[in-house]
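Chain by chain, the residues run as shown.
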Amino acid sequence: MSRFIFITGGVVSSLGKGIASASLGAILQARGLTINMIKLDPYINVDPGTMSPFQHGEVYVTNDGAETDLDLGHYERFAAITTSKSSNYTTGRIYGNVIAKERKGEYLGATVQVIPHITDQIKQSVLNSTNDADIVLVEIGGTVGDIESLPFMEAIRQLGVELGHDKALFMHLTLVPYIPAAGEIKTKPTQHSVKELRSIGIQPDILLCRAEKAIPEEERKKIALFTNVTLDSVISAVDVDHIYKIPRELHERGLDDIVVKKFGLDVPAADLSDWDAIVDALSHPQYTVNIGFVGKYVEHTDAYKSLMEALAHAGIHTKTKVNIVKIDSDVIEDNNNELLKSLDAILVPGGFGSRGVEGKISAVKYARENRVPYLGICLGMQVAVIEFARNVLGLQQAHSTEFNPKTPEPVIGLITEWKNQDGSVEKRDEKSDLGGSMRLGGQTCKLVPGTVARKSYDGAEEILERHRHRFEFNNNYLDELQKAGLVISGVSVDNELVEMIELADHPWFVACQFHPEFTSQPREGHPLFNSFISAALKHQQESD
Ligand code: GLN
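This report concerns the structure included in the present document. (Residues numbered from 1 in each chain as written. Predicted model: local features only at pLDDT ≥ 70, side-chain atom pairs only at ≥ 80, totals over all residues. Heavy atoms only, no water.)

## What to know about the sheet that holds strand E16 (residues 398-400)
Okay, so step 1: The strand order E16-E17-E22 describes an open sheet built from three strands, whose pairing is mixed. The open sheet terminates on both sides in strands that have one partner only, identified here as E16 and strand E22 (471-473). Sheet twist, expressed as the mean angle between neighbouring strand axes with direction ignored, is 30 degrees. (Pairing = 2+ DSSP bridges. Helix = DSSP H or I, 4+ residues; strand = E, 2+ residues; numbered from the N terminus. Axes fitted to C-alpha atoms, helices over the stretch in contact; angles between N-to-C directions.)

## Examining the site of the ligand
Okay, so step 1: All residues in the neighbourhood of the ligand are listed as Gly350, Gly351, Phe352, Cys378, Leu379, Gln382, Glu402, Arg468, His469, Arg470, Phe471 and His515.
Okay, so step 2: Here an oxygen atom of the ligand and a backbone polar atom of glycine 351 are 2.9 Å apart.
Okay, so step 3: Within the backbone of arginine 468, one N or O atom sits 2.9 Å away from a nitrogen atom of the ligand.
Okay, so step 4: About the coverage of the ligand: the protein hides 99% of its 290 Å² of free accessible area. (Near = heavy atom within 4 Å. Polar contact = N/O pair within 3.5 Å; in protein donor to acceptor, adjacent residues only side chain to side chain. Areas by Shrake-Rupley, 256 points an atom, 1.4 Å probe, with all protein chains shown as cover.)

## Brief notes about the sheet that holds strand E2 (residues 35-41)
Okay, so step 1: Pairing is parallel in the open sheet, where seven strands are placed in the order E5-E2-E6-E1-E7-E10-E11. Only two strands of the sheet have a single partner each, and these edge strands are strand E5 (88-90) and strand E11 (234-238). Here the strands of the sheet are splayed against their neighbours by 20 degrees on average, with no regard to which way each runs.
Okay, so step 2: In the packing of helix H4 (residues 91-103) onto the sheet, the strands contacted are E2 and E5, and the crossing angle to E5 comes to about 75 degrees.
Okay, so step 3: Lying over the sheet, helix H5 (residues 114-127) contacts strand E1 (3-9), E2, E5 and strand E6 (135-140), oriented at roughly 155 degrees with respect to E2. (Contact = heavy atoms within 4.5 Å.)

## Examining a nonpolar patch on the surface
Okay, so step 1: A surface patch of nonpolar side chains, about 330 Å² in accessible area, is lined by Tyr95, Ile99, Val114 and Ile115.
Okay, so step 2: Every element with two or more residues in the nonpolar patch is listed here: H4 and H5.
Okay, so step 3: Relative to the assigned elements, isoleucine 115 resides in helix H5.
Okay, so step 4: The partly exposed category is assigned to isoleucine 115, whose relative accessible area is 46%. (Patch = residues over 30% accessible without salt bridge, like charges linked within 9 Å, V, L, I, M, F, W, Y side chains within 5 Å. Salt bridge = Lys/Arg side-chain N within 4 Å of Asp/Glu carboxyl O. Buried < 20%, exposed > 50% of the residue type's maximum accessible area, 1.4 Å probe, protein only.)

## Let's talk about the side chain of serine 492
Okay, so step 1: Take serine 492: it is sitting in strand E23 (residues 486-492).
Okay, so step 2: Leaving out residues up to four positions away in the same chain, serine 492 has contacts with Thr444, Lys446, Leu497 and Glu499.

Printed below as a string of structure tokens:
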């Protein structure tokens, strides 16, 4: 049977609980254990699909098509697991399931209540989502004391009792701030946070204390005394300059040892050579490239978390420091391309809404005409098709019906009906609910021989990449666009949907309808991003 680690947070939010959890997953994996990770999110949205990424960070898409919290991206990148619909439960989803059961009469006349019905539903969801892993890490979003998180806290408290001490462990992440005026670090917020946790019946086994520098033994003793946690389990989680240093850092402080000891597991020592190699590559790049990142709200890097990571991974695998030059697409709306001149490559990421679209189209035009490597992702492919239709084919009003529903030349449009890979038929129209009307999740793409795309993916005939979009390439324009020189380099299995395009007489101009960033991992990097960064390097060397 699986063992469980429940991870809660206190004092303030944004302490990096997701990354700390994922790093613990990584070091347990490095000891030969199989792991699984689950995120419980106390907000009421059924999933983050309709939440603004500029408030909540990126919507991470799983292979089975769930729109989830960005922490699942950390889990996949650190712990090399494949997350799914059963890796993320929100209050909305839990209540939705309980209410559906109530309507079916499954509670046999009982008064349906938070305890036991909601808490039972949470416990069942966790216990059904273990994937039979040796260790299941369950992260609870928010901070202790939030009203919304109470049912989740109560559910994990009950699970702790039911599973027993040798099967369940509680880890609490807090902040130990340094107060410059006093010249001291302060343990009081941590004491209070644990007091709050204990008041709802949870005694933490491990405290992970975020701090600028290692917390001196005296202060750790004080925390241990006030919180009833053993001294060796009060661990400093020291600020580091790169997230991929965290697994080694936590290992050096003994975190994996404490866990395996508490669970009584006899496992080999941690092999962290992968992580050391990643950190070594990050610390000693041989080259630097400047990648223009053209979008709206580009300053909100959390909204593009996986993409930023994918570019960093490509840097690791090409010995290159990848500098992201953020360019607000509104600023280049008037064809003013000064900002684009010093770039080694241009990337237009995914996006929704019409603001800034013309600027993105201008950036594509610049990349095409000046032979600057270009990677277009999702919306980045759609604007590449629009640009080509307008400026090469001469369809001056070419657009996506997302931005101009009345365009006479809808080169990108809404597909109202399509077949999923399992054969099921999905339908949507302009009035469909925003939540749940998108093409979502992993789908196979066939790569066309002789294309840059096929070469980038090391000659693979087929690839599996994740989607999240409503609009598609309009096949009514396929012949015309191809005759004008647009190359279709990837199509869906039934040949009905264009998944990748490129330009024949351009050194590296590739765009895809899917989001390759969701499957990029630091250990291997991602073939398309590795190829893109290599093209940027080549462009730089040739322009020198
Ligand atoms: N807005 C576009 C669509 O819905 C692109 C979405 C995206 O880039 N993820 O098709």
